[in-house]
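This is what each chain is made of:
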Amino acid sequence: MSDFTITLDEAKTWAKSWRNNPPKALAKGHLIQGEALTELLGTAGVVSVRAYMGVDGTGTQKLMLVGVDASGNDLIDATHLIYDRTQPCPSCCDTNSPLFNP
């Protein structure tokens, strides 16, 4: 398993947590490691990426990424993994960005 991936069970738990008890203060953005995107986009059959919101067991907001095929279907199986290891803003922010306080 990649250093950037999580299990399907983790992803389902996080997504359910987001939907049933969304955070009061929403993240302004998420930092996504370039290596994770390169790895995801380099997986066979992946032509796009879909992002799902989640909240982990510590209450940290998550952005989970999955590969998408040419028909628009999520690719989640033994070869096509669910990527995370994103860092929400706050606290991982560029406070000088025009999108931080538009």
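S.K.: How do you make sense of the side chain of Lys-62 when you look at a structure like this?
M.R.: Along the chain, Lys-62 falls in strand β4 (residues 61–68). Residue Lys-62 is classed as buried on the basis of its relative accessible area of 10%. A polar contact is formed between the side chain of Lys-62 and the side chain of Asp-84, at a distance of 3.4 Å. Excluding residues that lie within four positions of it along the chain, Lys-62 makes contacts with Trp-14, His-30, Tyr-52, Met-53, Gly-54, Asp-56, Asp-84 and Thr-86.

S.K.: Looking at this structure, I do not really get unusual backbone geometry. What am I missing?
M.R.: Glycine aside, negative phi is the norm for most residues, and most peptide bonds take the trans geometry. Following Cys-89, the chain continues to Pro-90 via a peptide bond in cis, the omega torsion being -5°. Inspection of the secondary structure assignment puts Pro-90 in the segment after β7 (87–89). Across the junction of Pro-90 and Ser-91, the peptide omega takes the value 20°, indicating a cis bond. Tracing the sequence through the fold places Ser-91 in the segment after β7. A positive phi angle, close to 55°, is found at Arg-85, a residue other than glycine. Inspection of the secondary structure puts Arg-85 in the loop between β6 (82–83) and β7.

S.K.: Explain the layout of surface pockets to me, please; I cannot follow it from the model alone.
M.R.: To find leftover empty space, a probe the size of one water molecule is rolled over the atoms. Looking at the largest pocket, its volume works out to about 190 Å³. For the largest pocket, the full set of lining residues is Lys-28, Gly-29, His-30, Leu-31, Cys-89, Cys-92, Cys-93, Asp-94, Ser-97, Leu-99 and Phe-100. Per element, the largest residue contribution to the lining of the largest pocket is 3 residues, and it comes from strand β2 (residues 29–31).

S.K.: How should a nonpolar patch on the surface be read in this particular structure?
M.R.: A contiguous nonpolar surface patch, about 210 Å² in accessible area, is contributed by Leu-37, Leu-41 and Val-49. Note that Leu-41 resides in helix α2 (residues 34–41).

S.K.: Is there a simple way to explain helix α1 (residues 8–20) in this structure?
M.R.: Spacing of three or four residues puts side chains on the same side of an α-helix, whose turn is 3.6 residues. The first and last C-alpha atoms of α1 sit 18 Å apart over 13 residues, in line with the 18 Å expected at 1.5 Å per residue. Along α1, the residues classified as buried are Ala-11, Trp-14, Ala-15 and Trp-18. For α1, the arc enclosing every buried residue in end-on projection is 100°, short of the 170-degree limit, so these residues lie on one face. Looking at α1, the residues exposed on the side facing more than 90 degrees away from the buried face are Asp-9, Lys-12, Thr-13, Lys-16 and Asn-20. Residues of α1 that are buried in the fold lie against β1 (5–6), β3 (48–55), β4 and β6.

S.K.: Is there a simple way to explain the packing of aromatic side chains in this structure?
M.R.: The description of an aromatic ring pair rests on the distance of the ring centres and on the angle between the ring planes. Taken as a whole and judged by the stated rule, the model has 0 aromatic pairs. Seen from the ring of Phe-100, Lys-28 lies directly overhead, with NZ or CZ sitting 4.0 Å from the centre.

How each quantity is defined
- Residues numbered from 1 in each chain as written.
- Predicted model: local features only at pLDDT ≥ 70, side-chain atom pairs only at ≥ 80, totals over all residues.
- Heavy atoms only, no water.
- Helix = DSSP H or I, 4+ residues; strand = E, 2+ residues; numbered from the N terminus.
- Buried < 20%, exposed > 50% of the residue type's maximum accessible area, 1.4 Å probe, protein only.
- Polar contact = N/O pair within 3.5 Å; in protein donor to acceptor, adjacent residues only side chain to side chain.
- Contact = heavy atoms within 4.5 Å.
- 1 Å grid on protein atoms, 1.4 Å probe; cavity = no way out; pocket = protein on both sides within 12 Å on 5 of 7 lines; lining within 4 Å.
- Points joined across faces, edges and corners; volume = space filled by probe spheres on them.
- Patch = residues over 30% accessible without salt bridge, like charges linked within 9 Å, V, L, I, M, F, W, Y side chains within 5 Å.
- Areas by Shrake-Rupley, 256 points an atom, 1.4 Å probe, with all protein chains shown as cover.
- Salt bridge = Lys/Arg side-chain N within 4 Å of Asp/Glu carboxyl O.
- Expected span 1.5 Å × (residues − 1).
- Arc of directions from axis to C-beta.
- Phe/Tyr/Trp six-rings, centres within 6.5 Å; stacked < 30°, edge-to-face > 60°.
- Lys NZ or Arg CZ within 6 Å of the ring centre and 35° of its normal.

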